[in-house]
Amino acid sequence: MTNHRESAPRRESLHGVWRPGPVVRAEDIVPIESEADIVTARQRGRTLGAEVGFRAGELALIATAISELARNIVLYAGRGEILLTKISEGGRIGLLIAASDQGPGISDLTQAMRDGFSTSGGLGLGLPGVKRLMDEFGVVSSPGRGTTVTAKKWKR
């Protein structure tokens, strides 16, 4: 189930943390509950990114960031959503990716942002990797209340 909007108003995440700025044209909300949803979110991100005008290499970075965020939702929260929104700010255009869940939250955000840290036995490149791939990045997490990660990529 996907929600497309042509002119989206400001919107709150699952637990009211982020509010994206002005929307250029569209927004796409992808529910995340399984590996198949990760693929869907990546494809939708590539589509919106191409509409913004990102080149192939930038689209690959966007798809990788979406994949990491969606995988974290599946692994740690079980379900959540990825919001993809074309944005315009200060004369530039780009793509906002916001991953929200109501899972257990991140108990030590500082540690979670360190390269190599992983509670799932993985390589620990998830959140720090997304931060490196994107132009802007932020995380808000409350133990027992969930996590929202926002990332922006601007067209150069």
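Being a predicted model, the structure only gives us computed values, none of them experimental.

## Observations concerning the overall build of the protein chain
So, step 1. The helix and strand inventory of the protein chain stands at four helices and six strands.
So, step 2. Reading the protein chain from its N end, one meets helices and strands in the order β-β-α-α-β-β-α-α-β-β.
So, step 3. The buried share of the protein chain, taken over its 156 residues, is 43%.
So, step 4. Pairs at least 24 residues apart make up 61% of the contacts formed inside the protein chain by residues separated by at least 6 positions.
So, step 5. Per element, the accessible surface of the protein chain, about 7,800 Å² overall, is 50% carbon and sulfur.

## So, the confidence of the model for the protein chain
So, step 1. When pLDDT is averaged along the protein chain, the result is 83; 77% of the residues meet or exceed 70.
So, step 2. Counted against residues more than four places away or in other chains, residues 1-25, with its pLDDT under 50, gives 65 contacts.

## Some details on helix α2 (residues 56-77)
So, step 1. Along its 22 residues, α2 runs 31 Å from first to last C-alpha, staying within 8% of the 32 Å computed at 1.5 Å per residue.
So, step 2. All of the buried residues along α2 are E58, L59, I62, A63, A65, I66, S67, L69, A70, N72 and I73.
So, step 3. Count one or two residues on from α2 and you reach G78, which has phi positive near 90°.

## Here's the deal with the pattern of salt bridges
So, step 1. All told, the structure shown has 10 salt bridges when counted by the stated rule.
So, step 2. For E51, the salt bridge is made with K86, and the minimal N-O distance between the two is 2.8 Å. Of the two residues, E51 is situated in helix α1 (residues 35-52) and K86 in strand β3 (residues 80-89); the sequence distance between them amounts to 35 residues.
So, step 3. Of the residues examined, K86 reaches a relative accessible area of 6% and is grouped as buried.
So, step 4. Close ionic contact of K153 with D135 constitutes a salt bridge, the shortest N to O distance being 3.8 Å. With a gap of 18 residues between them, K153 in strand β6 (residues 146-154) and D135 in the loop between α4 (126-133) and β5 (136-142) connect regions that are remote in the sequence.
So, step 5. One salt-bridge network, in which partners are shared between bridges, spans E89, R92, E136 and K152.

## Quick look at the packing of α1 against α2
So, step 1. Where α1 meets α2, the axes come as close as 9 Å, and the angle between the chain directions of the two elements is 150°. Judged by the angle between their axes, α1 and α2 are roughly antiparallel. Crossing of α1 over α2 shows right-handed handedness. Contacts between α1 and α2 pair E35, I38, A41, R42, G45, R46, G49 and A50 from the former with L59, A60, I62, A63, T64, I66, S67, A70, R71 and V74 from the latter.
So, step 2. Looking at the contact of α1 with α2, its residues break down into 10 nonpolar, four polar and four charged.

The rules behind these values
Residues numbered from 1 in each chain as written. Predicted model: local features only at pLDDT ≥ 70, side-chain atom pairs only at ≥ 80, totals over all residues. Heavy atoms only, no water. Helix = DSSP H or I, 4+ residues; strand = E, 2+ residues; numbered from the N terminus. Buried < 20%, exposed > 50% of the residue type's maximum accessible area, 1.4 Å probe, protein only. Contact = heavy atoms within 4.5 Å. Areas by Shrake-Rupley, 256 points an atom, 1.4 Å probe, with all protein chains shown as cover. pLDDT = per-residue confidence, 0-100. Expected span 1.5 Å × (residues − 1). Salt bridge = Lys/Arg side-chain N within 4 Å of Asp/Glu carboxyl O. Axes fitted to C-alpha atoms, helices over the stretch in contact; angles between N-to-C directions. Parallel < 35°, antiparallel > 145°, perpendicular 65-115°, else oblique. Left-handed = near helix turned anticlockwise from the far one by under 90°. Nonpolar A, V, L, I, M, F, W, Y, C, P; charged D, E, K, R; others polar.

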